[in-house]
2 protein chains.
Amino acid sequence: MMDTPLLLTSMMERAEKYFPRKEVISRTASGIHRFTYKEIGERTRRLASALTKIGLKKGDKIGTFAWNHHRHLEAYFAVPCSGAVLHMVNIRLTQEHLTYVINHAEDKILLIDPDLVPIIEKIKDQLTTVQCFVIMSDEKEIPETTLHPAFSYEQLIDDGDPAFNFISDMDERTPAAMCYTSATTGNPKGVVYTHRGIVLHSLAIGLADTLGLCERDVAMPVVPMFHVNAWGLPFAAVWYGTKQVLPGPSFTPKILAELIEQEKVTITGGVPTIWIGLLKELEENQYDISSIRALVCGGAASPKGLIRAFEEKYKVPFISGYGMTETSPIVSLSTLTSEMDSLSLEEKIVIRSKTGLVVPGLDIRVVNENGDVPCDGATMGELIVRGPWIANEYYKDERTNDAFKDGWLYTGDIAVMDADGYVRITDRTKDLIKSGGEWISSVALENALMSHEAVYEAAVIAIPHPKWQERPLACVVLKDAYRNQIFEQDLILFLKGQFSNWWLPDEIIFLKEIPKTSVGKFLKRTLRDQWKHYYSNAE
Amino acid sequence: MMDTPLLLTSMMERAEKYFPRKEVISRTASGIHRFTYKEIGERTRRLASALTKIGLKKGDKIGTFAWNHHRHLEAYFAVPCSGAVLHMVNIRLTQEHLTYVINHAEDKILLIDPDLVPIIEKIKDQLTTVQCFVIMSDEKEIPETTLHPAFSYEQLIDDGDPAFNFISDMDERTPAAMCYTSATTGNPKGVVYTHRGIVLHSLAIGLADTLGLCERDVAMPVVPMFHVNAWGLPFAAVWYGTKQVLPGPSFTPKILAELIEQEKVTITGGVPTIWIGLLKELEENQYDISSIRALVCGGAASPKGLIRAFEEKYKVPFISGYGMTETSPIVSLSTLTSEMDSLSLEEKIVIRSKTGLVVPGLDIRVVNENGDVPCDGATMGELIVRGPWIANEYYKDERTNDAFKDGWLYTGDIAVMDADGYVRITDRTKDLIKSGGEWISSVALENALMSHEAVYEAAVIAIPHPKWQERPLACVVLKDAYRNQIFEQDLILFLKGQFSNWWLPDEIIFLKEIPKTSVGKFLKRTLRDQWKHYYSNAE
């Protein structure tokens, strides 16, 4: 067979050649913009040419600090197709972590959204490798800034060569992109994605058996483009000529609902908090979201109540997914097999709430100290993953050895596998509650609480206990209508039917909101810190 | 990223692990057999183990001489997953070519269907490398044969180890399989498929945008398993846990129609002659074929009348495909893009009759001596192809240099490309008719003739002419009902409205049937030989 490398260049070339009229809808500060793939392709080549002129060389790291929009998409291809590496910097990192990742990756050029410039201005004096900044404004004029030298993105596009040739003779194992995990402790860890990995991941999510992303779709990645390649959706969408809707900065549930209705979005992806917010908006105002054929939810467990609402009330198929920064990210999806067609809606919702079946191309196992655990849906073990779009190391990081062993990635997620091979994540290893030598699943308790009609959000944490080692404590946010209507004993009673007594939280604390990480996951560390003295003699 | 190789082993392992209850329906001499993937997996491991015991070593070529059935499927995986190479010998080759390909490939073991044993017995004394024969009978007793030593397939299965470990640490570029082209002149040319090529091809045909082969499908490859991997369907179907229906030896249109109805086949593939036969059967007897969501047709151009009948009368989507032994084989498919939804049925049929849009992962171009021809749907050039499942050579064959140049496969097919990038094959380079310095497309004339209600089959050939160099001659088979009702002048009149006068065939000759190649394509060489003295002074 020919040794043709698997490269991102062929993905953009396919969109330019065969889908020149298909559109990318991009929301920025100045409104909605519509570009065809012919235009996106030309602008991508102009950008690649311009970046080369201002210093981009093969192997360089080029950072982006931006929302989901067409310019970010252009950078997604312009940088790797020039032989350089796109570093998507998470805009929600702390100043300390921002400085760390930009310096650690050795970013040479930073492409920054105008509204995010002030964040970079604050850390500019600590940046040791950045040689210049590009401001991604809608106009050629850029806002006044202390960043120097600073170029206008649109001016660069103007000056660039629309016929610039991508580099197409690279090895497919050439690095194309990188992201850092949003670590809750220590410095973020870098993961490098190769052209080969991204191409294979894109094939995997185009399979009819997985997301089936295709030309007929209208894809709206709500998951940020600075967060694990927006789950790979923008790459694959370009390849397949899929119309894309990029919701831009500071979107609200209302904006998302409007975009879905107006652009007839068929597939969208985001974390549970996004869909909880969208659901609230749908319940308050009237929208037609019937175009959606797949609402993909990942990053945290999907509450069954959320799934039920979308599946039952809005007839929107709800697909839970599992992945990490280390896995490109799609590992498994809660799609239903033909054998499950005859199940009841309630049984299907149980399956939809799992992290699902591993996608073709990867291997997964659930293991404990004795090897693979039985596929009984009950025995817990750590989920480990292997495959061509799974990282094999953290970038220049000694912590590589903690997670990568014997050719497998140890995810740190505790899971059970059922007889059909469907995986359910029960906990992060560090979120498990060890009470009296036994494990209590904080996620199981959270899901149960969140299935109560009065509960908006719930986080269950482990607090140190003098006798039992750890005990569960529940932090709950009630829906507005239920404030001061529902009390601790109501929820404890609600849980009692579902769990052994020793699993029940020692207290239910009502909060106004649950603190969240930069990507919308519950920040349990903050809660744990706050309540660690609950049993003061446990210190 | 991890350097996990793309191997066939993971495809069978996925079926065993996640789809143990899904079925392979296999028709053999003794009737219909049903095996689950659990059983197929176990039998495949037993076969791999048994073949290893009787001499299979890494890199060995193991030949199959068999119809489409479960044993052939087991060999499809047992041989490559043991590090050896499966050579699918075309059962319809001449004795001379059979001997050539088996010796040229250096097959060490031959797996033979019981009804095909006599063919191999006739050439056994010319086979220089075969060390033993395995007879794929339904019973452990094998028919009396002069082949020696001859093993019983089912006895080997009995003796094999059901827990045999596949070799999973191979380089992904390890050869997995090989086929020879059914050449019309000279010896057949061998093409070697690697694990990498087959895995990528399987991903490509699982994409929602291509065939979308998936777990929910019931796939019936009518295209023989000895013909370019049965278009890759058996490999991908195992990976995705797709139920398979393998129609076995000497099937008839009636058998196919019954299998479609009984097993609720959703996707099937074969050459036009198969579907012409099926259509005749459907018109004569009552069947429910509404389960079919994709009837894939390749190997030769699909007549528009055939497409219209399936699309209009039976509501069966008809997808033309293009590929060759050298291309694994899927290169392009006549799937419709979202922009084509608003077209009329007649316009869609025109697109369905093209060989379509190149699948993601490959590059194609249509070139003449000046480079790429314009995408105007009219300018003809040679179709050239590049990609990771395209051969880069003929196996140990000097003719490699004729077809493989500058990293591209020169297909020898003359094509036009339209503005949407859809390709239509107009002719084989050698089937073009050069009349007075201009090209006449024999395929265009054939398609026009076959769209006449009275015409069953039509082949147009070039015959030598003293003045014009070549002139077209049409060989036509009329449908039974039209015999002696339709005459030459009727068909010439029918063509006149559609072509310039100088394109019209010099004569229309009515035949009882068109001679065909081993895979059902028109054998124009025979016709050309027969009529080469038509203008005797042209000799």
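Residues numbered from 1 in each chain as written. Chains lettered and ligands numbered in written order. Predicted model: local features only at pLDDT ≥ 70, side-chain atom pairs only at ≥ 80, totals over all residues. Heavy atoms only, no water.

- Under an unreviewed UniProt entry, the name given to chain A is Fatty-acid--CoA ligase, and the source organism is Heyndrickxia shackletonii.
- As its UniProt record puts it under Sequence similarities (unreviewed entry), chain A is described as follows: "Belongs to the ATP-dependent AMP-binding enzyme family." (UniProt positions renumbered as here; feature names shortened; annotations may be inferred.)

Things to note about the pattern of salt bridges
It is possible for side chains bearing opposite charge to pair when their charged atoms get close.
Step number 1: In this structure the tally under the stated criterion is 64 salt bridges over all chains.
Step number 2: The partner of Asp397(A) in a salt bridge is Arg399(A), with the nearest N and O atoms 2.7 Å apart.
Step number 3: As a salt-bridge pair, Arg71(B) and Asp138(B) come within 2.8 Å of each other at their nearest N and O atoms. Pair noted here: Arg71(B) is in helix H3 (residues 70-78) and Asp138(B) is in the loop between strand S6 (132-135) and strand S7 (150-152), with a separation of 67 residues, a long-range link. Exposure class is identical for Arg71(B) and Asp138(B). Each is buried.
Step number 4: One continuous salt-bridge network, built from bridges that share partners, spans Arg43(A), Arg71(A), Glu74(A), Asp138(A) and Glu154(A). (Salt bridge = Lys/Arg side-chain N within 4 Å of Asp/Glu carboxyl O. Helix = DSSP H or I, 4+ residues; strand = E, 2+ residues; numbered from the N terminus. Buried < 20%, exposed > 50% of the residue type's maximum accessible area, 1.4 Å probe, protein only.)

Examining the pairing of strand S3 (residues 61-65) of chain A
Residues and elements named next belong to chain A.
Step number 1: Burial analysis of S3 places 5 of its 5 residues in the buried class, the great majority of the element.
Step number 2: The two faces of S3 match: Lys-61, Gly-63 and Phe-65 on one face and Ile-62 and Thr-64 on the other face are all buried.
Step number 3: Inspection of the sheet shows S3 paired to strand S5 (residues 107-112) by 5 bridges, in the parallel sense. The residue bridging Thr-64 from the neighbouring strand is Leu-111, located in S5.
Step number 4: In this sheet, strand S4 (residues 85-88) lies alongside S3 in parallel orientation, the contact comprising 4 bridges. (Pairing = 2+ DSSP bridges.)

Things to note about the relation of the copies chain B and chain A
Step number 1: Rotating chain B by 180° about the axis while translating it 0.0 Å along that axis superimposes it on chain A, leaving an RMSD of 0.0 Å. Here the two chains are linked by the operation of a two-fold rotation axis. (Least-squares fit on C-alpha atoms with pLDDT ≥ 70 in both.)

Considerations on the domain arrangement of chain A
Residues and elements named next belong to chain A.
Step number 1: Under the domain assignment used here, chain A contains domain 1 (34-207), domain 2 (359-428) and domain 3 (433-538).
Step number 2: Taken over C-alpha atoms, the centre of domain 1 sits 31 Å from the centre of domain 2.
Step number 3: Taken residue by residue, the interface counts 21 residues in domain 1 and 10 residues in domain 2.
Step number 4: The contact between domain 1 and domain 2 buries some 1,200 Å² in all, and 63% of this surface belongs to carbon and sulfur atoms.
Step number 5: At the boundary of domain 1 and domain 2, one finds 1 salt bridge.
Step number 6: Between Lys-396 and Glu-106 there is a salt bridge, and its shortest N-O distance comes to 3.2 Å.
Step number 7: Taken together, domain 1 and domain 2 are joined by 6 residue pairs in polar contact (both at pLDDT 80 or more).
Step number 8: Counting residues per element, the ones that place at least two in the side of domain 1 that touches domain 2 are helix H4 (95-105), strand S8 (175-180), strand S9 (190-194) and helix H7 (195-206).
Step number 9: Element by element, the count of residues in the side of domain 1 that touches domain 2 is highest for H7, at 5 residues.
Step number 10: Split by residue class, the side of domain 1 that touches domain 2 holds 10 nonpolar, 7 polar and 4 charged. (Domains from an automatic or database assignment. Contact = heavy atoms within 4.5 Å. Buried area = accessible area lost by both parts, 1.4 Å probe. Polar contact = N/O pair within 3.5 Å; in protein donor to acceptor, adjacent residues only side chain to side chain. Nonpolar A, V, L, I, M, F, W, Y, C, P; charged D, E, K, R; others polar.)

A word on the packing of helix H14 (residues 442-450) of chain A against helix H15 (residues 488-496) of chain A
Residues and elements named next belong to chain A.
Step number 1: Close contact between H14 and H15 brings their axes to 10 Å; oriented N to C, the two are set at 115°. Relative to H15, H14 is oriented roughly perpendicular. Here the hand of the crossing between H14 and H15 comes out right-handed. Between H14 and H15, the residues in contact are Leu-445, Ala-448 and Leu-449 and Leu-491, Phe-494 and Leu-495, respectively.
Step number 2: Of the residues contributing to the contact of H14 with H15, the split by class is 6 nonpolar, no polar and no charged. (Axes fitted to C-alpha atoms, helices over the stretch in contact; angles between N-to-C directions. Parallel < 35°, antiparallel > 145°, perpendicular 65-115°, else oblique. Left-handed = near helix turned anticlockwise from the far one by under 90°.)

So, the interface of chain B and chain A
Step number 1: Between chain B and chain A, the residue contacts involve 58 residues of the former and 57 residues of the latter.
Step number 2: Both sides of the chain B and chain A interface together cover about 4,800 Å² of buried area, and 53% of this is carbon and sulfur.
Step number 3: Among the residues of chain B in contact with chain A, Met1(B), Met2(B) and Tyr18(B) are the three that bury the most area, contributing 20% of the side total.
Step number 4: Summed over the shared surface of chain B and chain A, the result is 10 salt bridges.
Step number 5: Taking the shortest distance from any N to any O, the salt bridge between Glu172(B) and Arg196(A) comes out at 2.8 Å.
Step number 6: One can count 29 residue pairs in polar contact (both at pLDDT 80 or more) joining chain B with chain A.
Step number 7: Elements supplying a minimum of two residues to the side of chain B that touches chain A: helix H1 (9-18), strand S9 (190-194), helix H7 (195-206), helix H8 (233-240), strand S16 (357-358), strand S19 (381-386) and strand S21 (408-417) of chain B.
Step number 8: Of the residues forming the side of chain B that touches chain A, the biggest block, 5 residues, is contributed by H7(B).
Step number 9: Classifying every residue of the side of chain B that touches chain A gives 31 nonpolar, 13 polar and 14 charged.

Points about the pairing of strand S25 (residues 455-465) of chain A
Residue and element names in this part refer to chain A.
Step number 1: S25 sits mainly inside the fold: 9 of its 11 residues count as buried.
Step number 2: As paired elements, S25 and strand S26 (residues 469-478) share 10 bridges and run antiparallel to each other. From the neighbouring strand, Val-460 faces S26, where its bridge partner is Ala-474.
Step number 3: Hairpin connection from S25 to S26: 3 residues lie between these consecutive antiparallel strands.

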